[in-house]
Amino acid sequence: MKKVFVLDTNVLLHDPQALLRFKDNDVVIPITVVEEIDTFKKDLSETGRNAREVSRLLDSFRAKAHLIDGVDLGEGGFLRVLIYTEQLMKRMPPELRADRGDNRILAVALQLKEESQCPVVFVTKDTNLRIKADAVGIDAQDYESDKVSIEELYSGMAEIVLPREQVDRFYGQGYIEIDEELYDNQCLTLIDEGNASHTAVGRYEAALGRVVPLIKTPKEGLWGITPRNREQQFAIDLLLNDDIQLVTLVGKAGTGKTLLAIAAGLTKSADEGGYSRLLVSRPIFPLGRDLGFLPGDVEEKLAPWMQPIFDNVELLLGMVDEHGKRKRGYKELVEMGLLEIEPLTYIRGRSIPKQYMIVDEAQNLTPHEIKTIITRAGEGTKIVLTGDPYQIDNPYIDSSSNGLTYAVEKFKNQSIAGHVTLMRGERSPLAELAANLL
């Protein structure tokens, strides 16, 4: 049955193409939403870009017909812009004052419900607004076109129970063919059905339908770093494999996501020369209240934001020094052009060839921002996305709608992509206990 969807401002700011995603149903935009969109159009952020795209889309529809009468969306549905009037607020409870935009949008949805022959659904990403809509009798839903259930997120790993002969054959010939429904580059633990302690680890190659061994970590480690658990072994295999051009690492704090990625990146660029340099970047989102403007030049302003990356690099350099292998400092690597650390602010329009690029804290990026980053990859570039979907500072996304989990699901069966969810914390016993208890 045909429905009428009333869209809130935050839905269009999250995804401007939402106007076109309801197929043969009618879409209604209250005039208050258009006004609120207008307040964001000059922002230089992703939200401002989306606001401008919404305005352009509405203007293109306006050229076809009057928006107040309705414009054919092409699949049987119509787009309309409805005007708010003072009369509409008389249908609302007195507690919901007319001077608030959210309440005026609700009033339009309530009028449609009373007058329309079709079911009316109010779509908003604002939790409190969904509660208010429910209180006045309007069916309200979240916008979930690009949401990924965090509980069902692809882990990148699986366990397979096999006869002992097959496990032994894997060790003997270096691979085994397997007839299972698996994703390309899925990391596997092969378990002997008669002896659970007799196991092997490998990665599935869908093109050949076989399991191959993981890339071995050098005895001295990757800049002093060696895997401490099976998940980290899987991660290192994906990070060192040049055929896998996109790696996503998801895990709670202290699981080693960023440290492993930087260690692998330095190995592939500074040691082996397979990439021209290691580029490490992260979005700029504060934890808690922002300190405001920072003094100094660009490098000094960015130092507090990039400090977590500096910490990981200095840790790696310190561990290498302990083994007496190198005596390079962080500044020397930068001066040699082997390492670059920068924010994501100016990445749009760039082309990044033959670089090992790590995007830390990727859970704070929207799906569109992740698309912008990945499409910057030039010939020979490898991109690593790391983050914890449960620690999000961006107010416009959550654990299910962020760009990191979106990328994991979209790329989970691609031959040039691999993913691992790291579960076990290795930073310290205190950090692991805090991550589990708090």
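See above for the structure.
What you are looking at is a predicted structure, and each value in this text was computed from that prediction instead of being measured. Note on numbering: residues in each chain are counted from 1, in written sequence order. The predicted origin of the model limits local features to residues at a pLDDT of at least 70 and limits the giving and counting of side-chain atom pairs to 80 or more, whereas totals for whole chains, interfaces and linings rest on all residues. Working from all heavy atoms in the structure, the side-chain values ignore hydrogens and water.

Draft legend 1. Representation of the sheet that holds strand E17 (residues 417–422) in the model. Strand order in the open sheet formed by six strands is E14-E13-E15-E16-E12-E17, and the pairing between neighbours is parallel. Each having just a single partner strand, strand E14 (339–343) and E17 make up the two edges of the open sheet. Direction aside, the axes of adjacent strands within the sheet are offset by 15° on average. The pairing criterion is simple: DSSP has to find at least two bridges between the two strands. For the purposes of this entry, the term helix denotes a DSSP run of H or I that reaches at least four residues, the term strand denotes a run of E that reaches at least two, and both are numbered from the N terminus. Of the pairings in the sheet, the one linking strand E13 (residues 277–282) to E14 comprises five bridges and is parallel in character. Bridged to Leu279 within E14 is Glu340. Whether two residues touch is decided by their heavy atoms; if any such pair falls within 4.5 Å, the residues are in contact. Axes here refer to lines fitted to C-alpha atoms; in helices the fit is confined to the stretch in contact. Angles between the N-to-C directions go from 0 to 180 degrees. Against the sheet, helix H8 (residues 257–271) engages strand E12 (246–251), E13, strand E15 (355–359), strand E16 (382–387) and E17, with an angle of about 170° to E15.

Draft legend 2. Main features of the nonpolar core. Definition used in this section: a nonpolar core is a set of buried Ala, Val, Leu, Ile, Met, Phe, Trp, Tyr and Cys residues joined via side-chain atoms within 4.5 Å. Exposure classes here rest on a 1.4 Å probe applied to the protein chains alone. A residue is buried below 20% of its type maximum, exposed above 50%, and partly exposed in between. Ranked by size, the top nonpolar core spans 46 residues in total, and within it Leu7, Leu12, Leu19 and Ile29 carry the most contacts. When residues in this core are grouped by element, the largest group, seven residues, is from helix H4 (residues 101–115). By size, the runner-up hydrophobic cluster in this structure holds 39 residues, among which are Trp223, Ile309, Ile341 and Tyr356.

Draft legend 3. Expanded view of the pairing of E12. Of all six residues in E12, six are buried, a share of seventy percent or more. Of the two faces of E12, the one lined by Leu246, Thr248 and Val250 and the one lined by Val247, Leu249 and Gly251 are each fully buried. Two elements, E12 and E16, share five bridges in a ladder whose sense is parallel. Residue Thr248 lies in a different strand from E16, and its bridge partner there is Leu385. Where E12 meets E17, six bridges bridge the pair, whose relative direction is parallel.

Draft legend 4. Geometry of the pattern of salt bridges. A pair is scored as a salt bridge if a Lys or Arg side-chain nitrogen falls within 4 Å of a carboxyl oxygen belonging to Asp or Glu. Scanning the model with the defined rule gives 16 salt bridges in all. Between Asp15 and Arg21 there is a salt bridge whose closest N-O contact spans 2.6 Å. The class of Asp15 is buried, set by a relative accessible area of 10%. Two residues, Asp142 and Lys125, come together in a salt bridge whose shortest N-O distance is 3.7 Å. Here Lys125 lies in the loop between strand E5 (120–123) and helix H5 (127–135) and Asp142 lies in the loop between strand E6 (139–141) and strand E7 (157–162), a separation of 17 residues in the sequence. We note that Asp142, like Lys125, is buried.

Draft legend 5. The arrangement of the sheet that holds strand E2 (residues 26–30) in detail. Read from one edge of the open sheet, six strands run E3-E4-E2-E1-E5-E6, paired in mixed fashion. Only two strands of the sheet have a single neighbouring strand rather than two, namely strand E3 (71–72) and E6. Across two bridges, the pairing between E3 and strand E4 (residues 78–82) is antiparallel. Opposite Asp72, over in E4, you have Phe78 as the bridge partner. This element, helix H2 (residues 31–40), spans strand E1 (4–7), E2 and E4 of the sheet and lies at about 60° to E2.

Draft legend 6. Quick peek at a nonpolar patch on the surface. A surface patch of nonpolar side chains, about 390 Å² in accessible area, is lined by Leu433, Leu437 and Leu438. On the basis of relative accessible area, Leu437 is assigned to the exposed category, the value being 63%. Patch construction takes residues with relative accessible area above 30% that form no salt bridge. Like charges are linked within 9 Å, and nonpolar side chains (Val, Leu, Ile, Met, Phe, Trp, Tyr) are linked within 5 Å. To be clear on the numbers: accessible area is Shrake-Rupley with a 1.4 Å probe, and residue cover counts the displayed protein chains and nothing else.

Draft legend 7. Layout of the side chain of Glu53. Within the secondary structure layout, Glu53 lies in helix H3 (residues 46–62). Setting aside anything within four residues of it in sequence, one finds Glu53 in contact with Pro16 and Gln17.

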